[in-house]
Amino acid sequence: MRVVVVGAGLAGLVAATRLATAGVRTTVLEARDRVGGRTRGIEVAPDRWVDAGAAYLGHRHAELNALITDLGLKTTPTGMVGRSRFALDPGPPRTAPDRFPPLNAVALGEMFDALDEVTRTVRADAPWLTPDAARLDRLTAADWLDRTVDHADARRFFPLFLGEMMAADPADVSALHMAFYLSSGGGIRYLNAFEGGAQQDRVDGGAHQLCQLLARALGDRVRLSRPVRAIHQDGGDVVVHTTGDAWRCDAAVVAVPPALADAIDHRPALPVRRTGPRTAPGGAVKVHLVYPEPIWRAEGLSGWSVDAGGPMMSTVDDSPAAGGAGVLTGFVTGARARRFAGLGHPEQHATVTAQAARLFPELPAPRQIHVTDWIHETYSRGCYAALFGPGDWVERGPHLREPHQRVHWAGTETSPEFFGLMEGAIRSGDRAATEVLTHY
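About the criteria used
Residues numbered from 1 in each chain as written. Predicted model: local features only at pLDDT ≥ 70, side-chain atom pairs only at ≥ 80, totals over all residues. Heavy atoms only, no water. Helix = DSSP H or I, 4+ residues; strand = E, 2+ residues; numbered from the N terminus. Rg over C-alpha atoms; globule rule 2.2 N^0.38 Å. Buried < 20%, exposed > 50% of the residue type's maximum accessible area, 1.4 Å probe, protein only. Contact = heavy atoms within 4.5 Å. Areas by Shrake-Rupley, 256 points an atom, 1.4 Å probe, with all protein chains shown as cover. Lys, Arg positive; Asp, Glu negative; His and termini not counted. Charge placed at Lys NZ, Arg CZ, Asp CG, Glu CD. Pairing = 2+ DSSP bridges. Phe/Tyr/Trp six-rings, centres within 6.5 Å; stacked < 30°, edge-to-face > 60°. Lys NZ or Arg CZ within 6 Å of the ring centre and 35° of its normal. Core = buried A, V, L, I, M, F, W, Y, C linked by side-chain atoms within 4.5 Å. Salt bridge = Lys/Arg side-chain N within 4 Å of Asp/Glu carboxyl O. Axes fitted to C-alpha atoms, helices over the stretch in contact; angles between N-to-C directions. Parallel < 35°, antiparallel > 145°, perpendicular 65-115°, else oblique. Nonpolar A, V, L, I, M, F, W, Y, C, P; charged D, E, K, R; others polar.

**Some words on the overall build of the protein chain**
In terms of regular secondary structure, the protein chain is built from 15 helices and 21 strands. What you see for the protein chain is a C-alpha radius of gyration of 21 Å, in line with the 22 Å of a compact globule of 440 residues. The proportion of buried residues among the 440 residues of the protein chain is 58%. Put simply, of all contacts in the protein chain between residues at least 6 apart along the chain, 72% involve residues at least 24 apart. On the protein chain, roughly 17000 Å² of surface is accessible, and the fraction owed to carbon and sulfur atoms is 51%. One finds the centroid of the 46 positive side-chain charges in the protein chain at a distance of 3 Å from the centroid of its 50 negative side-chain charges.

And the structure:
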C-alpha cells in the first residue's frame, strides 16, 4: 500500500511514522523548506532555543509526553515564581503577588462560573450535537458576553482571557467554538494554569525538536518544498499533484490547517468546504525579548504581565533552562495582532521595547527582539488554530474528520480532544493512520 501524507507538522509526521512502522510505503510532502508546521525554534544564544510557535504542555497531554520520552527529549517547567505586572487602565502598571489580576474578584469569579457552565454543556466529541448548538453557534463570544456578564471588570478582562487562551477576539468566534475549545482543552482552570495545568512545562531545547527527530527517522520519505496543489481521485487511485510532480497512491492523509486544505483542488470536490466566510486564522504574533539573563527574577518578578493596551497582551518567562539568556515571550493576539503584523520591523521593535520599558522599568533594553508573524505565514494561515465563527460548527463540524473517499484528515483542528494544542495534533495523526490501516 502507498500513502501520501500532506504536511510535515506534528500531525503529518506522527501519521507517517505510524504508517511507515506498519510497512506502508509512505511519502510526506511538505510545502515549506523545513519540517515542523506550527512549531518553530529560534536560537537566542549559542545552542539555546525558544519556541516561536507551539510551546506548552501539561500532565494530561499523555501522547505528547510519551513522544517526548520516546524521542529522548526532556521537559522543563515554565517559570512562574514571583510577582506579576498588570496594566489594565490608563495609570501606571500595578504589581500583584501572583497571576490574579487586581480586579473585582467576585465579578471575575462569576464570569468564570458562567464560562464553566456553558463549557460543561458542549459535546466535545461532536459540538454540532450539543443540545443548544444552533443558538450557541449563531452567537459570537462577544454576543454571549453581552448577554451574560454585567460587571465592568469582568467585561474588561474577558477579551484578554480569550486572547490568551485562543488567540482570538470575542467577535471572531462563535460561542459554541469558545465553549468547545475550553472543554476540549480540559476546562478553563486546566487550560489557564501553569503549575498542574496545560502550560506547566516546555520541551527542553524547544518543541521544534519533535518534528526534526521524527523527520530524521523517516529519512528520504520526507520531501520538502513540495506544495500540494491538487488531489484527484478516480476509483481506487489517488494522485497528489505538487507544483512540479505527481504522486500516485492508494490513500492520502491531509494534515494541514483547514484553509490550506480548502486551497487544494480536490476532484471530486469536497461536499462541504472546511472553512467559510466567518472562519478566521488564529490571530497570533509571538515576540521574544532577549536579555543577557532573566534579570526580572532578581527583582522578585515572575516575568508574567497582562497589558490591556498592548500590543503584547501578555508576557511570560521562557528563559532557556540551561541559562545563557533571559527571554520574555510576548503574545500579540486578535485584532491587535493584525495591526501589529502590518507594521514594519523597526516600528514593531520600537513599540514592544517601549511597552517592555513601561511594564518593567527595572530592565534594560532587550539585546535582541524576534517577531514571528503567524497570521501572514503562507503555509500556516494563523496560529494557534483556525477560529470557527458563527455557523461553522453546525455546517462544517460533521465533515472535519469524515474521510473524503480515500482522503483522510489530520491536524489539530480535527481533534475533539486538545483542539489547537500539540496533543491534539498528535492524536489526530494517530487517528488518521488508524483509519488508513483499517480501511485498506
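**As for the sheet that holds strand E21 (residues 407–409)**
Spatially, the five strands line up as an open sheet ordered E10-E2-E1-E14-E21, and their pairing is parallel. Two strands lie at the open edges of the sheet, namely strand E10 (222–223) and E21, each paired on one side alone. Where strand E1 (residues 2–6) lies against strand E2 (residues 25–29), five bridges are found, and the strand directions are parallel. When the bridges of E2 are listed, Val 4 appears paired with Thr 27.

**Topic: the packing of aromatic side chains**
Note on aromatic pairs: each is described by the distance of the centres and the angle between the planes. Under the criterion given, the structure shown has 12 aromatic pairs. Their ring planes at 80° and their centres at 5.2 Å tell us that Phe 112 and Phe 161 sit as a pair that is edge-to-face. In this pair, Phe 112 is assigned in helix H3 (residues 105–121) and Phe 161 in helix H6 (residues 152–166), connecting sequence segments 49 residues apart. The exposure classification of Phe 112 matches that of Phe 161, with both residues buried. Between Trp 393 and Phe 419 the ring centres are 6.4 Å apart and the planes differ by 55°, which places this aromatic pair in the tilted class. In this pair, Trp 393 is assigned in helix H14 (residues 392–396) and Phe 419 in the loop between E21 and helix H15 (422–439), connecting sequence segments 26 residues apart. There is no split in this pair, since Trp 393 and Phe 419 are both buried. By way of ring pairs, the aromatic residues Trp 128, Phe 180, Tyr 181, Phe 388, Trp 393 and Phe 419 are connected into one cluster. Sitting over the ring of Tyr 190, Arg 60 keeps its end group 4.0 Å from the ring centre.

**Re helix H7 (residues 175–184)**
Most of H7 is tucked away: nine of the 10 residues are buried. Considering only its buried residues, H7 is in contact with H3, helix H4 (133–138), helix H5 (141–148), H6, helix H8 (188–191) and H14. One or two steps after H7, the chain reaches Gly 186, where phi turns positive at roughly 110°.

**Description of the nonpolar core**
Proteins that are soluble and globular tend to have nonpolar side chains buried together. Judged by nonpolar contacts, the single largest core of 64 residues is most densely connected at Leu 115, Trp 144, Phe 158 and Met 178. Of all the secondary structure elements, the ones that give two or more residues to this core are H3, H4, H5, H6, H7, H8 and strand E17 (301–307). Counting residues per element, this core draws most heavily on H6, at eight residues. When sequence neighbours within four positions are dropped, the list of residues in contact with Trp 144 reads Ala 114, Leu 115, Val 118, Val 149, Phe 158, Ala 175 and Met 178. Formed by 37 residues, the second largest nonpolar core is a distinct cluster that contains Leu 19, Ile 68, Ala 432 and Ala 433.

**Brief notes about the pairing of strand E3 (residues 41–45)**
Among the five residues of E3, four are classified as buried, and the element is accordingly described as predominantly covered. Inspection of the sheet shows E3 paired to strand E4 (residues 48–51) by four bridges, in the antiparallel sense. Directly across from Ile 42, in E4, lies its bridge partner Val 50. The turn joining E3 and E4, which pair antiparallel and follow one another in sequence, is formed by two residues; a positive phi near 60° is taken by Asp 47.

**A look at the pattern of salt bridges**
Evaluated as defined, the whole model comprises 27 salt bridges. When the shortest N-O distance is used, the salt bridge between Asp 430 and Arg 18 registers 2.9 Å. One end of the pair, Asp 430, is in helix H15; the other, Arg 18, is in helix H1 (residues 10–21), and 412 residues separate them in sequence. Classification of Asp 430 as partly exposed rests on a relative accessible area of 35%. Where Asp 392 meets Arg 396, a salt bridge forms, and the shortest distance between an N and an O atom there is 3.1 Å. One end of the pair is Asp 392 and the other is Arg 396, both in helix H14 and four residues apart, which spans about a single turn. Both residues of the pair, Asp 392 and Arg 396, count as buried. Among the charged side chains, a network of salt bridges with common partners joins Glu 30, Arg 32 and Glu 377.

**Looking at the sheet that holds strand E13 (residues 246–249)**
An order of E13-E12-E11-E15 is seen for the four strands of this open sheet, with the pairing classed as mixed. Each of the sheet's edge strands pairs with one partner strand only, and the pair in question is E13 and strand E15 (265–267). Going across the sheet, the axis of each strand differs from the next one's by a mean of 10°, ignoring polarity. As paired elements, strand E12 (residues 237–242) and E13 share four bridges and run antiparallel to each other. Paired with Val 240 across the strands is Trp 247, a residue of E13.

**Topic: the environment of Gly 344**
Its place among the elements puts Gly 344 in the loop between helix H12 (334–341) and helix H13 (345–359). Residues Gly 344 and Ala 114 lie 230 residues apart in sequence; the distance between their C-alpha atoms is 40 Å.

**A look at the packing of helix H2 (residues 62–70) against H15**
Interhelical geometry of H2 versus H15 gives an angle of 85° and a closest axis separation of 8 Å. Between H2 and H15, the interaxial angle falls into the category roughly perpendicular. For the pair H2 and H15, contact is made by Ala 62, Glu 63, Leu 64 and Leu 67 and by Met 422, Glu 423, Ile 426 and Arg 427, respectively. Broken down by class, the residue content of the contact of H2 with H15 amounts to five nonpolar, no polar and three charged.

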